[in-house]
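Chains, contacts and geometry: an overview
Here is how the chains run, residue by residue.
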Amino acid sequence: DQQVKQNSPSLSVQEGRISILNCDYTNSMFDYFLWYKKYPAEGPTFLISISSIKDKNEDGRFTVFLNKSAKHLSLHIVPSQPGDSAVYFCAASAFRGSTLGRLYFGRGTQLTVWP
Amino acid sequence: EAQVTQNPRYLITVTGKKLTVTCSQNMNHEYMSWYRQDPGLGLRQIYYSMNVEVTDKGDVPEGYKVSRKEKRNFPLILESPSPNQTSLYFCASALTGVGNEQFFGPGTRLTVL
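Procedures and definitions
Residues numbered from 1 in each chain as written. Chains lettered and ligands numbered in written order. Predicted model: local features only at pLDDT ≥ 70, side-chain atom pairs only at ≥ 80, totals over all residues. Heavy atoms only, no water. Helix = DSSP H or I, 4+ residues; strand = E, 2+ residues; numbered from the N terminus. Rg over C-alpha atoms; globule rule 2.2 N^0.38 Å. Buried < 20%, exposed > 50% of the residue type's maximum accessible area, 1.4 Å probe, protein only. Contact = heavy atoms within 4.5 Å. Buried area = accessible area lost by both parts, 1.4 Å probe. Salt bridge = Lys/Arg side-chain N within 4 Å of Asp/Glu carboxyl O. Pairing = 2+ DSSP bridges. Phe/Tyr/Trp six-rings, centres within 6.5 Å; stacked < 30°, edge-to-face > 60°. Disulfide = S-S within 2.5 Å.

Turning our eyes to something else, we now look at the overall build of chain A. Each helix and strand counted, chain A has zero helices and eleven strands in total. What you see in chain A, going N to C, is helices and strands ordered as β-β-β-β-β-β-β-β-β-β-β. The C-alpha radius of gyration of chain A comes to 14 Å, within 12% of the 13 Å expected for a compact globule of 115 residues. Along the three orthogonal principal directions, the C-alpha set of chain A runs to about 45 × 30 × 20 Å. A buried classification covers 48% of the 115 residues belonging to chain A. By sequence separation, contacts in chain A at least 24 residues apart represent 55% of the contacts at least 6 residues apart.

And the structure:
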């Protein structure tokens, strides 16, 4: 039973446009959400995070939005660049409870940015 | 350079032959974890450790063992590997297990014949 879902396996965007990657979760105990980027033959690298007390966090071209009532978060990349082409994973964790220390990942979205 | 290292990077073995994948971090992190990545399934947590001598099961612990005798090392042990353990394995570490980003190693591609 997947607690973090990325329903779009792939997304293709033209360079310079906005990329929007979506993520849904089912566990209302999740307090902290992260996005990771993964290139082939490398480990995932941390991109941006947001805690449940906020609804938006920005870091340069990357912005994460959190809608707690809908249990939904999204990653916006503006403007998209060819180097952003990678698999993006959404992940979630809780600050307390029986799942403390666990990190739950979605299945990933392959982003392709074309010139 | 701050990093998580894993060895070996690639391994082909046969069913039933015990193996260990090592993981080491040089960031003095309390928390360490192992994941496996399979096509279409994303990353699934195998085991994690909140601190030295403290380990807990993740989503898919069956067939794996871990130990955390010292802070920097967190080896993954497959006592009797089977073909369904063929996967890409990642070790990760974090300052603590709560509210911190995890830093991942480069991965170990394991094939069990």
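Here the focus is the environment of Val4 of chain A. Residue and element names in this part refer to chain A. Along the chain, Val4 falls in strand S1 (residues 4-5). Distance in space between the C-alpha atoms of Val4 and Val87 is 16 Å, their sequence separation being 83 residues. Not counting residues up to four positions away in its chain, the partners in contact with Val4 are Cys23, Asp24, Tyr25, Phe30, Cys90, Ala92, Tyr104, Phe105 and Gly106.

For the rest of this paragraph, the subject is the interface of chain A and chain B. Contact with chain A, which involves 19 residues of that partner, is made by 25 residues of chain B. Roughly 1,700 Å² is buried in total at the junction of chain A and chain B, and carbon and sulfur atoms are behind 58% of that figure. The largest per-residue losses of area from chain A upon contact with chain B belong to Gly101, Arg102 and Phe105 of chain A, which jointly make up 28% of the total buried on that side. In this structure, the connection of chain A to chain B is made through one salt bridge.

With that settled, the discussion passes to the pattern of salt bridges. Residue and element names in this part refer to chain B. Counting across every chain of the model gives seven salt bridges over all chains. Measuring nitrogen to oxygen at the nearest pair gives 2.8 Å for the salt bridge that ties Arg36 to Asp38. Taking relative accessible area as the criterion, Asp38 reaches 10% and is therefore assigned buried. The structure contains a network of salt bridges with shared partners spanning Arg36, Asp38 and Arg44.

Attention shifts here to the pairing of strand S3 (residues 19-25) of chain A. All names here are of chain A. Burial along S3 is one-sided: the residues Ser19, Leu21, Cys23 and Tyr25 are buried and none of Ile20, Asn22 and Asp24 is. Strand direction decides the pairing type here: S1 and S3, joined by two bridges, are antiparallel. Its bridge partner being in S3, Lys5 is matched across the sheet by Asp24. Strand direction decides the pairing type here: S3 and strand S8 (residues 72-77), joined by six bridges, are antiparallel. Following the sheet pairing, Ile20 is matched in S8 by His76.

This next bit is on the packing of aromatic side chains. When we look at a pair of aromatic rings, we describe it by the centre distance and by the angle of the planes. All names here are of chain A. Across all of its chains, the model carries 15 aromatic pairs over all chains by this definition. Seen from their ring centres, Phe30 and Tyr104 are 5.4 Å apart, and the 45 degrees between their planes marks the pair as tilted. Of the two residues, Phe30 sits in the loop between S3 and strand S4 (32-38) while Tyr104 sits in strand S10 (residues 104-105), which places them 74 residues apart along the sequence. Summarising the burial analysis for this pair, Phe30 and Tyr104 share the class buried.

Residue and element names in this part refer to chain B. In the structure shown here, the tally under the stated rule is two disulfides over all chains. Here Cys23 pairs with Cys91 through a disulfide, and the sulfurs are 1.8 Å apart. The sign of the -75 degrees torsion about the S-S bond sets the Cys23-Cys91 disulfide as left-handed. Here Cys23, found in strand S3 (residues 19-25), pairs with Cys91, found in strand S9 (residues 87-94); they are 68 residues apart in sequence, far enough to count as distant. Taken individually, Cys23 and Cys91 each receive the classification buried, so the pair is uniform in this respect.

Take the side chain of Ser33 of chain B next. Checked against the element boundaries, Ser33 of chain B lands in strand S4 (residues 31-38). What Ser33 of chain B contacts, discounting residues up to four positions off in sequence, is Gln45, Tyr47, Tyr48, Phe74, Phe90, Cys91, Ala92 and Gln102 of chain B.

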